[in-house]
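So the chains spell out like this:
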Amino acid sequence: MGWLDRAILSLAPQAGLARIQARARAQVLMNYDAASKGRRTYGWKAPATAADAAGASRAQLRQLSRDMIRNRSLAARGQAVVTGNVVGTGIMPSVRMAGDADGTAAMELIRAHLLSPAIDVYGVHALPGLQWQVMNAVFSDGEVLVRRRARNLAFEPGLVLPFQIQVMEADHLDTTITSHGRNEVIEGIEYGPTGRAEAYHLFEQHPGATHRITAGRFRSTRVPARQILHVRRTERPGQMRGIPWLAPVMMTVGELSDYQEAQILKQRIASLLAFFVEASADGEVYAGAEIERLEPGAVIGLKEGQKVTPSEPPPLDGYAEFMREGVRSIATGLGLTYESFGDLTGVNFSSGRMGRIEMDRFIQVWQQQIMIGQFCRGVGRWTLEAWQVAGASAGLPPAPRALEWTAPRRPMIDPGKEIDAAVKEIGAGLNSRQRKQREMGLDPDVIARERAEDAARAPAPSPANVPNGPAIPDAPDTTKEEDIAHGGV
C-alpha cells in the first residue's frame, strides 16, 4: 500500500477501502491472460448483458440467417442436416391407455387428426410436415411459435378433435407493446411477476407479407400463453428467446462463400484463353482482324517479326484445403460432422462411427429437449384436452392416459453388427425390447400387432432356418412379461 492509499484511508476510510479492494480485484483478474487488457485481447468484446438482452440484433441475425439459407449452400446444407436428423420422416405418436384397455380405436383417431392435414390450419401438412417446419424455423430463426386454434365441430365436420395448430414465425410478435396492466411486455412476450410468460401479443398476419394487405394488419392480439408453444433452444439460465443457430459461424459462412465465388470468377477468367501479338521489327502492331476468332485447325498468318504469346491462367493453389478447413469449422460450430456436409474422402467404418456417435448425442438432445419436450408434448397436451372437451358427445373412444413419442430411426452404419449388439443387449437384460425398439425409431405396439397378424397367417420361420440368415445365439430369458407382449426387436 503506497503513501497515497494510506493518506486517502486516513482522511476517507470508506473511499480508501474501496480503492484498495478495487486494486486487489484487478490484480486477481490480471492473473488470467484472457481478462487482461493488451495487444493480444484488443478488440475482444465481453458485455455484461443478460441472456435476452439482444434486442434489435436478434431480428437482424434472424434476417441474415434466412438470407444465408436462401443463398448460401453451406447454410442450407447445415439446416437440412439438422432437420433431417432430428425430424426425419417424423416423430410419431402412440397411445398409452389406462390399465389393459385396447388402444386401437384411440390410435385410429390420432391417425385421423394428427397424422393427416386436418391438424394444420392451412390444411397442407400432417404432423410430421409441421415438425419439419418447426425445426427449420428453430434452426434459421432460433425460435418459432405454434398457436392452438379452437374449432367448433358443428361447423367443421371434417375434424374429429376441435382444434388445429398454426406455425408462426417470431416476426408475428408485436415488439411495440411494453406493458399490459402490471405485467411487463418485452419484445411481444408478456411476463408475470415470477418471470413466467403469461401471454403473447401477436399480429394476425406476418408483418413482412406483401401478397395481401387487409385492415387491421398491424393490430396485435393478446393470446394467453397456454394457447402458444414457444419452441426454441436455450443455453443460459433465464433465457426465454432463441438465437439463430448460424450466429457463431455466420461470419465464416459469409466469408467462405465470398472466397468461393471469387475463386469461381478467377477460374472463369482463367478459362478465357487470350493471345497477345507483339509488334514486328518495324514497330507495326497487328490489327487483329484475321485472328479475331480461332477455330480448330485454323492456320493464322502473321507478318514478319510478329510473335504470338498465349495468356497464362492463374493457378488455384490451396483452394481445396482451404475450403475443407472452412467447412470443418462451420460443421464444428453447428455440432455436426464434417462428413455430413457431403465429403466422405478417407472415411472408414471406425472413423465414420466415431463421428456419428458424437453427432448423435447432439441429435438426441435436440430431439428430446426441443422437438419432443417442447413441441410434441405440447401438441399431445392439447390433444388430450380437446379429447376431454369433445368427450362422448362426439362419439369418441375413451381418451388415452398419455401420448408417447418415438423419434425416427437412426440410419445404421453397419446393420449386421448393430442389430446383433441389440439382440445381445436385450438378452443380457441390459435393456428392454420396447425401449430398444423406440431407440431404433419403431413403435412397440405396432410391432406387437403386426407380429400377431403374421403369426395368425402362418408360423414365422426361425432365424436359424432362414437361408443365409444370421444365427442368433441363445441368451438367458431375463425380459419381463410385458416386454415379451410388445414383441421382439
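Because the structure is predicted, anything quoted here is derived from the model rather than measured.

Looking only at helices and strands, the protein chain has 13 helices and 12 strands in total. Within the span of the protein chain, comprising 489 residues, buried residues form 36% of the whole. Pairs at least 24 residues apart make up 67% of the contacts formed inside the protein chain by residues separated by at least 6 positions. Of the roughly 29,500 Å² of accessible surface on the protein chain, a fraction of 55% belongs to carbon and sulfur atoms.

What follows is about the sheet that holds strand β3 (residues 163-168). Whether parallel or antiparallel, the strands of a sheet pair through hydrogen bonds between backbone atoms. On the basis of which strands lie adjacent, the open sheet formed by three strands has the order β3-β2-β9 and antiparallel pairing. Looking at the sheet topology across the chains shown, the edges are occupied by β3 and β9 (228-232). On average, each strand axis in the sheet is tilted by 20° relative to the strand beside it, whichever way the strands run. Of the pairings in the sheet, the one linking strand β2 (residues 143-150) to β3 comprises six bridges and is antiparallel in character. Paired with Ala150 across the strands is Phe163, a residue of β3.

For the structure shown, the criterion picks out 24 salt bridges. Across the salt bridge formed by Glu204 and Arg149, the nearest N and O atoms sit 3.4 Å from each other. Taken together, the residues Glu204 in the loop between β7 (197-203) and β8 (220-224) and Arg149 in strand β2 connect sequence positions 55 residues apart. What makes Arg149 buried here is its relative accessible area of 17%. Within this structure, Asp52, Arg58, Glu143, Glu187 and Arg241 form a network of salt bridges that share partners.

Quick look at the side chain of Arg147 now. Structurally, Arg147 can be placed in strand β2. Polar side-chain contacts of Arg147 include one of 3.5 Å to the side chain of Glu204.

Moving on, we come to the nonpolar core. The tendency in soluble globular proteins is for nonpolar side chains to be buried as a group. With 62 residues, the main nonpolar core has Leu114, Val134, Ile165, Leu246 and Phe375 as its most contacted residues. Broken down by element, the residue count for this core peaks at 13 residues, all from helix α9 (residues 349-390). Contacts of Val134, omitting those with residues within four sequence positions, involve Val144, Val146, Val167, Val231, Met371 and Phe375. Listed in part, the 10 residues of the second largest apolar core include Leu145, Ile189, Ala197 and Leu202.

Burial runs high along β3: six of the six residues are buried. Residues of β3 alternate between two faces, with Phe163, Ile165 and Val167 on one and Gln164, Gln166 and Met168 on the opposite face, all of them buried.

Moving on: the layout of surface pockets. Volume-wise, the largest pocket comes out at about 1,000 Å³. Forming the boundary of the largest pocket are 35 residues, of which Gln364, Arg410, Arg438, Glu439 and Met440 lie nearest the centre. Those elements that place two or more of their residues in the lining of the largest pocket are α4 (73-86), α9, β12 (402-406), α10 (415-427) and α11 (433-439). The greatest single-element share of the lining of the largest pocket, amounting to 11 residues, is contributed by α9. Here the lining of the largest pocket is built from residues that sort into 12 nonpolar, nine polar and 14 charged.

What follows covers the sheet that holds β8. Judged by pairing direction, the sheet is antiparallel, and its five strands sit side by side in the order β4-β5-β6-β7-β8 without closing on themselves. Here the strands that pair on one side only, and so sit at the sheet edges, are β4 (179-180) and β8. With five bridges joining them, β7 and β8 adopt antiparallel strand pairing. Across the sheet, the residue bridging to Ala199 is Pro224, located in β8.

Note: α-helices contain 3.6 residues per turn, so residues at a spacing of three or four share the same orientation. Taken residue by residue, helix α5 (residues 104-113) has Ala106, Met107, Leu109, Ile110 and His113 as its buried positions. Looking straight down α5, one finds that the buried residues subtend no more than 155° of arc, so they occupy a single side. Where α5 is buried, its residues touch β1 (92-96), β3, α9 and β12.

It is worth spelling out unusual backbone geometry at this point. For Glu187, which is not glycine, the phi torsion reads 55° and is therefore positive. Locating Glu187 in the fold gives a position in the loop between β5 (183-186) and β6 (189-191).

The class for Glu187 is buried, based on a relative accessible area of 18%. On a C-alpha basis, the gap between Glu187 and His201 in space is 8.9 Å, while along the polypeptide they are 14 residues apart. For Glu187, the side chain forms a polar contact with the side chain of Arg58, separated by 2.8 Å.

When two helices pack together, you describe them by how their axes are tilted relative to each other and by the distance separating the axes. Taken N-terminus to C-terminus, the directions of helix α7 (residues 250-271) and helix α8 (residues 319-334) make an angle of 160°; their axes are 10 Å apart at the nearest point. When the axis of α7 is compared with that of α8, the two are roughly antiparallel. The element α7 and its partner α8 pack so that their crossing is left-handed. For the pair α7 and α8, the contacting residues are Thr252, Val253, Leu256, Tyr259, Gln260 and Gln263 in the first and Tyr319, Phe322, Met323, Gly326, Val327, Ser329 and Ile330 in the second.

Further remarks concern the confidence of the model for the protein chain. When pLDDT is averaged across the protein chain, the result is 82; 81% of the residues are at 70 or more. Across residues 469-489, where pLDDT falls below 50, the model places 37 contacts with residues more than four positions away in sequence or in other chains.

This brings us to the environment of Gln364. Here Gln364 shows up in helix α9. In the structure, Gln364 is positioned 278 residues away from Val86 in sequence and 7.5 Å away in space, judged by C-alpha atoms.

As a further point, take the packing of α4 against α9. Between α4 and α9, whose axes approach to 9 Å, the crossing angle comes to 70°. When the axis of α4 is compared with that of α9, the two are roughly perpendicular. Here Val81, Val82, Asn85 and Val86 of α4 lie close against α9, whose contacting residues are Arg356, Met359, Ile363, Trp366, Gln367 and Met371. The residue makeup of the contact of α4 with α9, split by class, is seven nonpolar, two polar and one charged.

Reading guide: rules and limits
Residues numbered from 1 in each chain as written. Predicted model: local features only at pLDDT ≥ 70, side-chain atom pairs only at ≥ 80, totals over all residues. Heavy atoms only, no water. Helix = DSSP H or I, 4+ residues; strand = E, 2+ residues; numbered from the N terminus. Buried < 20%, exposed > 50% of the residue type's maximum accessible area, 1.4 Å probe, protein only. Contact = heavy atoms within 4.5 Å. Areas by Shrake-Rupley, 256 points an atom, 1.4 Å probe, with all protein chains shown as cover. Pairing = 2+ DSSP bridges. Axes fitted to C-alpha atoms, helices over the stretch in contact; angles between N-to-C directions. Salt bridge = Lys/Arg side-chain N within 4 Å of Asp/Glu carboxyl O. Polar contact = N/O pair within 3.5 Å; in protein donor to acceptor, adjacent residues only side chain to side chain. Core = buried A, V, L, I, M, F, W, Y, C linked by side-chain atoms within 4.5 Å. 1 Å grid on protein atoms, 1.4 Å probe; cavity = no way out; pocket = protein on both sides within 12 Å on 5 of 7 lines; lining within 4 Å. Points joined across faces, edges and corners; volume = space filled by probe spheres on them. Nonpolar A, V, L, I, M, F, W, Y, C, P; charged D, E, K, R; others polar. Arc of directions from axis to C-beta. Parallel < 35°, antiparallel > 145°, perpendicular 65-115°, else oblique. Left-handed = near helix turned anticlockwise from the far one by under 90°. pLDDT = per-residue confidence, 0-100.

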